[in-house]
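What the coordinates show
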Amino acid sequence: WKHQFEHCMRLIKTHGERLIAANVTAKRALDLIASVIKPKITYCFPIAPFTALEISQLDARLAQVVRQCLRLPVTFPTMGILAPRTSGGVGVGSFMIDYIQMNVQHLTRALNSNADLGDLMRAALTRQRAACAASPMTTSARGRDTHCSHKMVFRQLNLAHAVGITLRDNTMLSAGPGSV
């Protein structure tokens, strides 16, 4: 998925350069960022398994564009750009919020589906829970369980949804954890 991340970074850069060159008002620049640039980036979120570091890099790249469009100093904090207007920020919003919301939305739809995709995802979740219960726990520096994350379920959901898979026999799950 590295190519998708690099493509998103290029999109922000090229569209940002065009926006800066257009010399539009601050309000219009923020509207264009919200209605053109951000949707182009978030479109791939339900499929691409970005890490938190990659999403923060997307946020930083977009913050650079916002700084230039609004003629803010380079020292203006990224969090000030991403923070909501009600909290004193510019109100651009972090890609992390979009990433989490979109993935939870797709997972919920899949799990609640009465079609084959729902059966597939419920089986994947059951299999993941069993694998987590049977495996030794691996913890990160923050004390979180890293071995039993929901990443496997998200990947299976995203891939199944992206290609329109409708499997009755759960063959997608037969390869084991981490194979997708």
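Here the structure is a predicted model, which is why all the values come from computation and not from measurement.

What counts as what
- Residues numbered from 1 in each chain as written.
- Predicted model: local features only at pLDDT ≥ 70, side-chain atom pairs only at ≥ 80, totals over all residues.
- Heavy atoms only, no water.
- Helix = DSSP H or I, 4+ residues; strand = E, 2+ residues; numbered from the N terminus.
- Buried < 20%, exposed > 50% of the residue type's maximum accessible area, 1.4 Å probe, protein only.
- Contact = heavy atoms within 4.5 Å.
- Areas by Shrake-Rupley, 256 points an atom, 1.4 Å probe, with all protein chains shown as cover.
- Axes fitted to C-alpha atoms, helices over the stretch in contact; angles between N-to-C directions.
- Parallel < 35°, antiparallel > 145°, perpendicular 65-115°, else oblique.
- Left-handed = near helix turned anticlockwise from the far one by under 90°.
- Phe/Tyr/Trp six-rings, centres within 6.5 Å; stacked < 30°, edge-to-face > 60°.
- pLDDT = per-residue confidence, 0-100.
- Expected span 1.5 Å × (residues − 1).
- Salt bridge = Lys/Arg side-chain N within 4 Å of Asp/Glu carboxyl O.

Concerning the overall build of the chain
Regarding its fold elements, the chain presents 7 helices and 0 strands. Walking the chain from its N terminus toward its C terminus, one meets helices and strands in the order α-α-α-α-α-α-α. Here the chain, with 180 residues, has 39% of them falling under the buried criterion. Long-range pairs, those at least 24 residues apart, make up 64% of the contacts in the chain with a sequence separation of at least 6. Only carbon and sulfur atoms are counted for the fraction: they give 58% of the accessible area of the chain, which is about 10,600 Å².

A closer look at the packing of helix 1 (residues 2–22) against helix 2 (residues 26–42)
Where helix 1 meets helix 2, the axes come as close as 10 Å, and the angle between the chain directions of the two elements is 155°. Between helix 1 and helix 2, the angle is such that the two are roughly antiparallel. Where helix 1 crosses over helix 2, the two elements pack in a sense that is right-handed. Residues C8, L11, I12, H15, G16 and L19 of helix 1 touch helix 2, and the partners they reach there are A29, L32, I33, I37, K40 and I41.

Digging into the side chain of Q4
Along the chain, Q4 falls in helix 1. In this structure Q4 comes out as buried when scored by relative accessible area, which is 19%.

As for the packing of aromatic side chains
In this structure the tally under the stated criterion is 4 aromatic pairs. Each ring, one from F5 and one from F50, has its centre 6.0 Å from the other, and the planes form 70°; the classification is edge-to-face. Of this pair, F5 sits in helix 1 while F50 sits in the loop between helix 2 and helix 3 (52–69), and the two are 45 residues apart along the sequence. Accessibility expressed as a relative area gives 4% for F50, which makes it buried.

What to know about the confidence of the model for the chain
Any segment with low pLDDT has predicted coordinates that should not be analysed in fine detail. Per-residue confidence for the chain gives a mean pLDDT of 80; residues scoring 70 or more make up 74%. In the model, residues 162–180 has pLDDT below 50 throughout and makes 30 contacts with residues more than four positions away in sequence or in other chains.

Some points on helix 3
Helix length check: helix 3, at 18 residues, gives a terminal C-alpha distance of 26 Å against a target of 26 Å (1.5 Å per residue), a fit within 8%. The set of residues buried in helix 3 consists of E54, I55, L58, D59, L62, A63, V65, V66, R67 and C69. In this structure, the buried residues of helix 3 make contact with helix 1, helix 2, helix 4 (78–82) and helix 5 (95–112). Two residues or fewer after helix 3 comes R71, characterised by a positive phi angle close to 55°.

Here's the deal with the pattern of salt bridges
Tallied over the full model, the rule gives 4 salt bridges. A salt bridge links K2 to E6; its shortest N-O distance comes to 3.8 Å. With a gap of 4 residues between them, K2 and E6 both fall in helix 1, about one helical turn apart. Relative accessible area serves as the criterion here: at 61%, K2 is assigned to the exposed category.

What about the environment of L19?
Tracing the backbone shows L19 in helix 1. Exposure remark for L19: the relative accessible area of 8% places this residue in the buried category. Considering only alpha carbons, one finds L19 and I37, 18 residues apart in sequence, at a separation of 9.9 Å. When near neighbours in sequence (up to four residues on either side) are disregarded, L19 contacts V24, A29, L32, I33, I37 and C69.

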